[in-house]
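One letter stands for each residue in the lines below.
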Amino acid sequence: MSDFKNFIPIAKPWMDDRESDAVARVIATGWITQGPEVASFEKEFADFVGAPHACAVSSCTTALHLALLAVGIKPGDEVITVSHSFIATANSIRYCGASPVFVDIEPDTFNLNPSLIETLINDKTKAILCVHQMGMPCNLEPIIGIARRHNLVVIEDAACAIGSEISWHGKWGKIGKPHGDIACFSFHPRKLLSTGDGGMLTTANDEWDHQFRLWRQHGMSVPDTIRHGAKEVILESYPCVGYNYRMTDVQAAMGREQLKRLPEIVARRRAMVKRYRMLLGEEIPGIGLPLEPKWARSNWQSLCVRLPERVNQITVMQKMLDIGIATRRGVMCAHREDSYRHGTWSCGKGPGPCECEPKRCARLVESERAQDRCIILPLYHQMTEADQLIVVMTLKQSCVHI
Ligand SMILES: *Cc1c(COP(=O)(O)O)cnc(C)c1O
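Okay, so let's go over this structure. (Residues numbered from 1 in each chain as written. Predicted model: local features only at pLDDT ≥ 70, side-chain atom pairs only at ≥ 80, totals over all residues. Heavy atoms only, no water.)

Some remarks on the sheet that holds strand β6 (residues 165-168)
Note on sheets: strands pair through backbone hydrogen bonds, and any given pair is parallel or antiparallel.
Inference 1: With antiparallel pairing, three strands are arranged side by side in an open sheet as β7-β6-β10. Whereas interior strands pair on both sides, the edge strands pair on one side only; in this sheet they are β7 (171-174) and β10 (296-297).
Inference 2: The sheet contact formed by β6 and β7 spans four bridges and is antiparallel. Paired with Glu 165 across the strands is Lys 174, a residue of β7. (Pairing = 2+ DSSP bridges. Helix = DSSP H or I, 4+ residues; strand = E, 2+ residues; numbered from the N terminus.)

Observations concerning the sheet that holds strand β13 (residues 374-377)
Inference 1: Across the sheet, three strands lie side by side as β11-β13-β12; this open sheet has antiparallel pairing. The sheet is open, and its two borders are formed by β11 (303-306) and β12 (328-329), each paired with just one other strand.
Inference 2: For β11 and β13, the ladder comprises four bridges, and the chain directions are antiparallel. If you follow Val 305 over to β13, its bridge partner there is Ile 375.
Inference 3: Across the face of the sheet, helix α8 (residues 249-283) comes into contact with β11 and β13 while running at roughly 15° to β11.
Inference 4: Strands β11, β12 and β13 of the sheet are contacted by helix α10 (residues 365-373), whose axis makes an angle of about 55° with β13. (Contact = heavy atoms within 4.5 Å. Axes fitted to C-alpha atoms, helices over the stretch in contact; angles between N-to-C directions.)

Quick word on the nonpolar core
Inference 1: Core analysis: the largest hydrophobic core is formed by 57 residues, its most contacted members being Phe 41, Phe 45, Ile 162 and Phe 185.
Inference 2: Broken down by element, the residue count for this core peaks at six residues, all from helix α2 (residues 36-49).
Inference 3: Once residues within four sequence positions are removed from consideration, Phe 41 is found in contact with Phe 187, Leu 193, Thr 195, Met 200, Met 247, Ala 252, Gly 255, Arg 256 and Leu 259. (Core = buried A, V, L, I, M, F, W, Y, C linked by side-chain atoms within 4.5 Å. Buried < 20%, exposed > 50% of the residue type's maximum accessible area, 1.4 Å probe, protein only.)

Section: the pairing of strand β1 (residues 53-57)
Inference 1: Within β1, five of the five residues are buried, which leaves the element mostly enclosed by the surrounding structure.
Inference 2: Of the two faces of β1, the one lined by His 53, Cys 55 and Val 57 and the one lined by Ala 54 and Ala 56 are each fully buried.
Inference 3: Relative to strand β9 (residues 199-203), β1 runs antiparallel, the two sharing five bridges. By the bridge assignment for β9, Ala 56 is matched with Met 200.

Brief notes about the pattern of salt bridges
Inference 1: Scanning the entire structure with this criterion turns up 25 salt bridges.
Inference 2: The salt bridge involving Glu 385 is made with Arg 275; its shortest N-O contact spans 3.7 Å. Residue Glu 385 is found in helix α11 (residues 385-400), and its partner Arg 275 is found in helix α8; the two are separated by 110 residues along the sequence.
Inference 3: Among the residues examined, Glu 385 registers a relative accessible area of 51% and is labelled exposed. (Salt bridge = Lys/Arg side-chain N within 4 Å of Asp/Glu carboxyl O.)

Some details on the site of the ligand
Inference 1: Among the 15 residues in the neighbourhood of the ligand, the closest are listed as Cys 60, Thr 61, Asp 157, Ser 186 and Lys 191.
Inference 2: Between an oxygen atom of the ligand and a side-chain N or O atom of Thr 61, the distance comes to 2.5 Å.
Inference 3: Those elements that provide at least two residues to the shell around the ligand are α3 (60-70) and α4 (88-95). (Near = heavy atom within 4 Å. Polar contact = N/O pair within 3.5 Å; in protein donor to acceptor, adjacent residues only side chain to side chain.)

So, in structure tokens, the structure goes:
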């Protein structure tokens, strides 16, 4: 924690007595792991996004793992995704023994560039794992079109995108309403709705939903909630090797309260980003602001801006931190990490692994540039207009005196 009295953090969950009362209520019932609260949260979440099924799990990472397993991803398969994402996106593909094939991004939305997908498809390609990066919906219509033509499934990494909307055949709908095949959400405190940790899978596919529920609870045929309430002895069986990927009822109780606040959180963030845009545009010549396409309404999980040329990213971040303002570098690129050595991924440069220099891939130029040239600014519900002004003016000063 910082020593600054008026420290401005990068993010902050918005919680109060409503969440603590809900948690206390669950504790008083004596049932604290996955149970009735999780079931209610799932129902409310499904209604909110407009999905037939929502299955709660322990994180978005475990949601992604189960989504890939459900659609049959196995060793030797390839899954097209972005390197420019939190590392869990690519890791989930490797949990299945499959290889991520990285596609570059569009510089102004930070999302996967659909026009680059088709050249990466071969006999091993089984799925597209697209990301709604920082809450901005990616261009699902062409992505799903390509997937359908090549018989691929589409899994949406919607970790950041709870409350974001996309225009679909002329109508606005929430991310998580089945556009692709499965969508995966995160409730980590950096996201808009938090349960500490937690995740959710939404789908229209009954079989996959059934499979998620088995896997998250050790592959157990009869959940403990049912055995607990039964008047007769019920013996469970284990038809498949499962996992412990459960959400607890304590977390779900928080999630239900957070879900009620979500429309207010999204509206406030959209207003704050509008103001940030105005201030940044006025005060900092050469700054690059993200694009919100006509068909997208972002929840603005993060506001990522491109620094003016010749301004050093780390210097700016340090100067701001010295004054008590947290920032983060642009979203990471998995292919530049030591856990992604040659042979563990591909950029589609012919068959086999990428032969580009380590940490530099000729096909992922925009991804690398976004990581190196952008910073994420503080944005959270409780932030004041004065805080925003301080952030902008400090950024301005940090960009000038180099
Ligand atoms: C946060 C995040 C994840 C991981 O979510 P957890 O719930 O922490 O597992 C995955 N993908 C993206 C794009 C994220 O931002």
